[in-house]
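Residue-level structure breakdown
In case you want the letters, here they are:
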Amino acid sequence: DTEVTQTPKHLVMGMTNKKSLKCEQHMGHRAMYWYKQKAKKPPELMFVYSYEKLSINESVPSRFSPECPNSSLLNLHLHALQPEDSALYLCASSQMAGGGGNTIYFGEGSWLTVV
Amino acid sequence: AQTVTQSQPEMSVQEAETVTLSCTYDTSESDYYLFWYKQPPSRQMILVIRQEAYKQQNATENRFSVNFQKAAKSFSLKISDSQLGDAAMYFCAYRSPYNNNDMRFGAGTRLTVKP
């Protein structure tokens, strides 16, 4: 059973819509992540929050806007997306952001289709 | 920059037999962490096993074990007594303790288990 939960599991949105992906973790972790994964590819890091502050933004377009309301919650706000943004979006968490040895735990992902 | 290479895009194994998935990496760091993640059709990334580079002993988790060859920069995953539920995409990953949040994934190996 995953302790990182993501909603919704599937989302279809138009290019002019505004929607949000939500993520919650129940492990007391202080680092949370958003990854994007295209079909048959490994995950690509988008954002990292450490102690509720954005610590890494991997040059992600501004149509993706992350938000970390508290240490357990992570949102990804979506606006004016393009069809090429269709992908699986994975939320993850780890005890801390750095140090290398902190294992990253993933949620089940949200399938996003932009039409 | 570190790179992770999985040279086997696809592998297959007969149920109850043993299979080894290959992973090599390139790094100039002496301390780091290596992971194998499993991604079944449900798409959740599940941690299979992790290895600290400073440990000479190979990590083992039930039917899963690794062959860590630090000098050769090789980190293979052995799955014993393969089960149908082992069918998935397997990703090898490298994480640096120095570069905050820098986790590199290989391209993945798709494992099929034949009954």
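Description of the structure in this document. Remember, predicted model here, so these are calculated numbers, not experimental data.

Residues and elements named next belong to chain B. Here serine 7 lies in the loop between β1 (3-5) and β2 (10-14). Residue classification places serine 7 among the exposed residues on the basis of a relative accessible area of 57%. Between the C-alpha atom of serine 7 and that of alanine 107, which follows or precedes it by 100 residues, the distance is 8.4 Å.

Taken together, the 26 residues of chain A in the interface contact 20 residues of chain B. Counting the surface lost from both chain A and chain B, the interface buries some 1,900 Å², and carbon and sulfur atoms represent 54% of this. Between the two partners, chain A and chain B, sit zero salt bridges. Listed by contribution, the elements that provide at least two residues to the side of chain A that touches chain B are β4 (31-37), β5 (44-50), β6 (53-57) and β9 (87-94) of chain A. The greatest single-element share of the side of chain A that touches chain B, amounting to three residues, is contributed by β4(A).

If you walk through the whole model with that rule in mind, you get seven salt bridges over all chains. Among the ionic pairs, A:Lys9 bridges to A:Glu108, the shortest N-O distance being 3.4 Å. Of this pair, A:Lys9 sits in the loop between β1 (4-7) and β2 (10-13) while A:Glu108 sits in the loop between β10 (105-106) and β11 (110-114), placing them 99 residues apart in sequence. Residue A:Asp85 is joined to A:Arg63 by a salt bridge in which the shortest nitrogen-to-oxygen separation is 2.7 Å. Of the two residues, A:Asp85 sits in the loop between β8 (73-79) and β9 while A:Arg63 sits in the loop between β6 and β7 (64-70), which places them 22 residues apart along the sequence. Taking the relative accessible area as the measure of exposure, A:Arg63 reaches 24% and is therefore partly exposed. Through salt bridges with shared partners, one network takes in B:Arg50, B:Glu52 and B:Lys55.

To continue, consider the side chain of B:Ser76. Residue and element names in this part refer to chain B. Residue placement: serine 76 occurs in strand β9 (residues 74-79). Note on serine 76: relative accessible area 11%, which makes it buried. Aside from chain neighbours lying at most four places away, what touches serine 76 is Thr20, Leu21, Ser22, Cys23, Trp36, Ser65, Val66 and Asn67.

Turning our attention to the state of the cysteines. Within this structure, the stated rule accounts for two disulfides over all chains. Disulfide pairing places A:Cys23 opposite A:Cys91 at an S-S distance of 1.9 Å. Looking along the S-S bond of the A:Cys23-A:Cys91 disulfide, the torsion reads about -75°, which is the left-handed sense. In this pair, A:Cys23 sits in strand β3 (residues 18-25) while A:Cys91 sits in strand β9, placing the two residues 68 residues apart along the sequence. The pair A:Cys23 / A:Cys91 is uniform in exposure class, with both members buried. Each sulfur in the disulfide pair B:Cys23 and B:Cys92 lies 2.0 Å from the other. Here B:Cys23 and B:Cys92 share a disulfide; its torsion about the S-S bond, -70°, makes the bridge left-handed. Linking B:Cys23 in the loop between β3 (19-21) and β4 (24-26) with B:Cys92 in strand β10 (residues 88-95), this pair joins segments that are 69 residues apart in sequence. No disulfide involves A:Cys68; its sulfur sits 9.2 Å from the nearest other cysteine sulfur, which is in A:Cys91. With a relative accessible area of 12%, A:Cys68 lands in the buried category.

Okay, the nonpolar core next. Judged by nonpolar contacts, the single largest core of 25 residues is most densely connected at B:Tyr25, B:Trp36, B:Phe75, B:Leu77 and B:Tyr90. Here this core gets four residues from one element, more than from any other, and that element is β10(B). Discounting residues that sit within four places of it in the chain, B:Leu77 has contacts with B:Val19, B:Thr20, B:Leu21, B:Trp36, B:Val48, B:Ile49, B:Phe64, B:Ser65, B:Val66 and B:Tyr90. In this structure, A:Met32, A:Ala87, A:Tyr89 and A:Cys91 belong to the second largest nonpolar core, which totals 22 residues.

With that settled, the discussion passes to the pairing of β9(A). Residues and elements named next belong to chain A. Of all eight residues in β9, eight are buried; the element is thus mostly enclosed. Strand direction decides the pairing type here: β4 and β9, joined by seven bridges, are antiparallel. Bridge assignment links tyrosine 33 to a residue of β9, and that residue is alanine 92. Taken together, the three bridges between β9 and β11 define a ladder with antiparallel strand orientation. Within the sheet, the bridge partner assigned to leucine 88 lies in β11 and is tryptophan 111.

Each value, and the rule that gives it
By convention here, each chain's residues receive numbers from 1 onward along its written sequence. Each chain takes a letter, starting from A, and each ligand takes a number, starting from 1, following the order in which they are written. Per-residue local features are limited, in this predicted model, to residues with pLDDT of at least 70; the limit for side-chain atom pairs, both in listing and counting, is 80 or more; totals at the level of whole chains, interfaces and linings are taken over all residues. By convention in this description, side-chain values take in all heavy atoms of the structure and omit both hydrogens and water. Secondary structure follows DSSP: runs of H or I at least 4 residues long count as helices, runs of E at least 2 residues long count as strands, and numbering of each begins at the N terminus. Any residue under 20% of the maximum accessible area for its type is buried, any over 50% is exposed, and the rest in between are partly exposed; the area is computed with a 1.4 Å probe on protein chains only. Here, two residues are considered to be in contact whenever any of their heavy atoms come within 4.5 Å of each other. Here the buried area means the combined drop in accessible surface, using a 1.4 Å probe, for two parts upon being joined, counting both sides. One side-chain nitrogen of Lys or Arg within 4 Å of one carboxyl oxygen of Asp or Glu is enough to make a salt bridge. In this description, a disulfide is simply a cysteine sulfur pair whose atoms lie within 2.5 Å. To form a nonpolar core, buried Ala, Val, Leu, Ile, Met, Phe, Trp, Tyr and Cys residues must be joined to one another through side-chain atoms within 4.5 Å. Should DSSP find at least two bridges between two strands, the strands are regarded as paired.

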